[in-house]
Structures are given as structure tokens and as C-alpha cells.
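# Commentary on secondary and tertiary structure
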Amino acid sequence: MNVMCLNCRGIRGNRFSKLMNDLVQEYHLSLCFLLEMHASFVKAEAIVRRFGFDSHHIEGSNGQLGGLWCLWKSRF
């Protein structure tokens, strides 16, 4: 099982999506924690689907505070 924890910036941009997809593929990630995510829950759901993880838990941010996404693959 490979695990990654990443403090993120610019999650809505194409560069972040490409970076995440590359990391997931290269390191065969099974579990990923993304910190300081400043996106609404609805936007988070759409973004998470792009990365290939089949399960997730999202703790939304409160203004500019916090935000944690836990993403995992059920089978690894």
C-alpha cells in the first residue's frame, strides 16, 4: 500500500489535476490525504472523481481555514 499526504494549492486548475493523476499512476497510490483544500463540498466531489479513487471522505473548509480530503482505493 502506497500512501501520500500533500498540502495543496490551486486544486481547481488543470495543472493540479494533471499532477495528481501523474502521482497516482507513478506511485500506485492506494491512500491519499490532501490538506488545506479550499473548495466547496460539491466542487470537491467533482474533483475527486478525476483521480481514480473509488472512496473518499471530505471535511470541508470553513472560509480560509482547514479542509481535508481522504481518498482511497477499496482494493489495493
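Read on for a plain summary of the structure. (Residues numbered from 1 in each chain as written. Predicted model: local features only at pLDDT ≥ 70, side-chain atom pairs only at ≥ 80, totals over all residues. Heavy atoms only, no water.)

### Here's the deal with helix α2 (residues 41-49)
- Of all the positions in α2, only A44, E45, I47 and V48 are classed as buried.
- Packing partners of the buried residues in α2 comprise β3 (55-59) and β4 (68-72). (Buried < 20%, exposed > 50% of the residue type's maximum accessible area, 1.4 Å probe, protein only. Helix = DSSP H or I, 4+ residues; strand = E, 2+ residues; numbered from the N terminus. Contact = heavy atoms within 4.5 Å.)

### Let's talk about the environment of K18
- Mapped onto the elements, K18 comes out in helix α1 (residues 14-27).
- A residue is classified by how much of its surface remains accessible, and K18, at 52% relative accessible area, is exposed.

### Concerning α1
- Over its 14 residues, α1 extends 20 Å from the first C-alpha to the last, a length consistent with the 20 Å expected when each residue adds 1.5 Å.
- Among the residues of α1, F16, S17, M20, L23 and V24 are the ones counted as buried. All buried residues of α1 project into a common sector of 130 degrees when viewed along the axis, lining one side. Exposed side chains of α1 directed beyond 90 degrees from the buried face belong to N14, R15, K18, Q25 and E26.
- Contact partners of the buried residues in α1: β1 (2-7) and β2 (29-35).
- Immediately beyond the C-terminal end of α1, within one or two residues, lies H28, with a positive phi of roughly 50 degrees. (Expected span 1.5 Å × (residues − 1). Arc of directions from axis to C-beta.)

### Brief notes about the packing of aromatic side chains
- All chains considered together, the criterion is met by one aromatic pair.
- Both rings, one in F16 and one in F51, keep their centres 6.0 Å apart while their planes meet at 75 degrees; by these two values the pair is edge-to-face. Residue F16 is found in helix α1, and its partner F51 is found in the loop between α2 and β3; the two are separated by 35 residues along the sequence. Taken individually, F16 and F51 each receive the classification buried, so the pair is uniform in this respect.
- Over the ring of F53 we find K73, and its NZ or CZ is 5.7 Å from the ring centre. (Phe/Tyr/Trp six-rings, centres within 6.5 Å; stacked < 30°, edge-to-face > 60°. Lys NZ or Arg CZ within 6 Å of the ring centre and 35° of its normal.)

### Some details on the nonpolar core
- Ranked by internal contacts, the top residues of the largest apolar core, which has 20 residues, are I11, M20, L34, W69 and L71.
- Elements supplying a minimum of two residues to this core: α1, β2, α2 and β4.
- Sort the elements by how many residues they give to this core and α1 lands first, with four residues.
- For L34, the contacting residues outside a window of four places in its chain are L6, C8, F16, M20, G67, L68, W69 and L71. (Core = buried A, V, L, I, M, F, W, Y, C linked by side-chain atoms within 4.5 Å.)

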